[in-house]
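Residue-level structure breakdown
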Amino acid sequence: MICALFRISAFLCCILMAACSQDEGDTETLRIGHFPNVTHVQALVARSMARNGDGWFEKYLPGIKIEWYSFNAGPSAMEAIFGKTIDASYVGPSPAINAYAISRGREVRLLSGAVDGGAALLVHDGASMKSGRDFSGKTVATPQLGNTQDISARAWLKRAGLHITREGGGDAHVTPTSNSMQLPLFQRGDLDAVWTVEPWVSRLEREAGARVLVEDTAVVTTVLVAREAWLRENPERAARLVKAHEDLTQWILDHPREAQKMVADELSLLMRSPMDPSLVETSWKRLKPTTNLNMKGMEQFVRDAQSAGLLGRVPPLDGMKARLPSPSSQIPSQP
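Reading the values: the criteria
- Residues numbered from 1 in each chain as written.
- Predicted model: local features only at pLDDT ≥ 70, side-chain atom pairs only at ≥ 80, totals over all residues.
- Heavy atoms only, no water.
- Salt bridge = Lys/Arg side-chain N within 4 Å of Asp/Glu carboxyl O.
- Helix = DSSP H or I, 4+ residues; strand = E, 2+ residues; numbered from the N terminus.
- Buried < 20%, exposed > 50% of the residue type's maximum accessible area, 1.4 Å probe, protein only.
- Pairing = 2+ DSSP bridges.
- Contact = heavy atoms within 4.5 Å.

**A short note on the pattern of salt bridges**
The tally for this structure, following the rule as stated, stands at 19 salt bridges. Glutamate 266 is the salt-bridge partner of arginine 51, the closest N and O atoms lying 3.0 Å from each other. Of the two residues, arginine 51 is situated in helix H2 (residues 41-51) and glutamate 266 in helix H11 (residues 256-271); the sequence distance between them amounts to 215 residues. A relative accessible area of 3% means that glutamate 266 is categorised as buried. Arginine 206 is paired through a salt bridge with aspartate 276; the nearest N and O atoms lie 3.1 Å apart. Taken together, the positions of arginine 206 in helix H8 (residues 200-208) and aspartate 276 in the loop between H11 and helix H12 (277-284) put the pair 70 residues apart, joining distant regions of the chain. Among the residues examined, arginine 206 registers a relative accessible area of 42% and is labelled partly exposed. Under the relative-accessibility criterion, aspartate 276 is labelled partly exposed at 37%.

What follows is the structure, encoded as structure tokens:
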């Protein structure tokens, strides 16, 4: 079970990262996780703004130092939540729900929606696969066991009548593979398909001639979550964090060109490789920045994860939504 793996990983995370994690009472630094994906656009834009001396979140949280932590996929970010290495994170819905279930509803809270869409299943151009039934004997890569695209892939194949095991066996083989390794493996023909997110979807199309087979532009791809203990101790700061996120999302929708440049610049730094701005522009067409918490979509991920055998019982998701006050003091207006 993925829940058991989470418990072990979270325990190890607590031990290995204790030296660099802060005490619960230290609230002078807010530590936020995210991934180097276009679907974590708010985090990338905020990092870029801060790096250029005009921090967005910093204006909403005066006197608080914002630290950003980059992860490959959701399960790793949730391990950091359990280990108290970060206070909040942009993350996919499936790892957030897993963490909520493992902690019996005590550790993780939903703050806001962040991005819908931006994920897809790709196959080789000219491949014979047209539906899930055609994937018998095929190998499909996903970013990490239990992450949102991993759950989507397993559930989709299972609905087609294929038997899928957690270990990568069964009628089709689902192989967790880091985003950075998916492209070369796909180019070499070691993978038949990849279920991933932007900018990797567009990179596979452009650099490997891949073809999109499945895409859901309305699927919940990214949400903003936080540690329940941090929220309980810092309700005012949590409210300001959410307000900053909401206003930044609107700014991104109003200034797509500027936001795309910031995303490209930040991805270039994080991946230590130049990110073509036109690739970000192409990726942009597939995703929708949002603050809407799509709870029906979250419930669907619960059913998909349970169907895939990667999730047991889950406390009611209504209890996962954070209850926050309105910010008590005035927040500076943003340009």
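On we go from here.
**Section: the pairing of strand S5 (residues 119-124)**
Burial analysis of S5 places five of its six residues in the buried class, the great majority of the element. The pairing of S5 with strand S8 (residues 193-197) spans five bridges and is classified as antiparallel. Residue leucine 122 lies in a different strand from S8, and its bridge partner there is valine 194. Judged from the five bridges that link them, S5 and strand S9 (residues 210-215) form a sheet pairing that is antiparallel. If you follow leucine 121 over to S9, its bridge partner there is valine 214.

**Description of the environment of glycine 117**
Inspection of the secondary structure assignment puts glycine 117 in strand S4 (residues 108-117). By relative accessible area, which is 0% here, glycine 117 ends up buried. Each C-alpha atom of the pair glycine 117 and aspartate 216 lies 6.2 Å from the other, and the pair is 99 residues apart in sequence. Not counting residues up to four positions away in its chain, the partners in contact with glycine 117 are Thr39, Asp216, Thr217, Val219, Thr221, Arg286 and Leu287.

It is worth stressing that arrangement in space is one thing and function is another; only the former is reported here.
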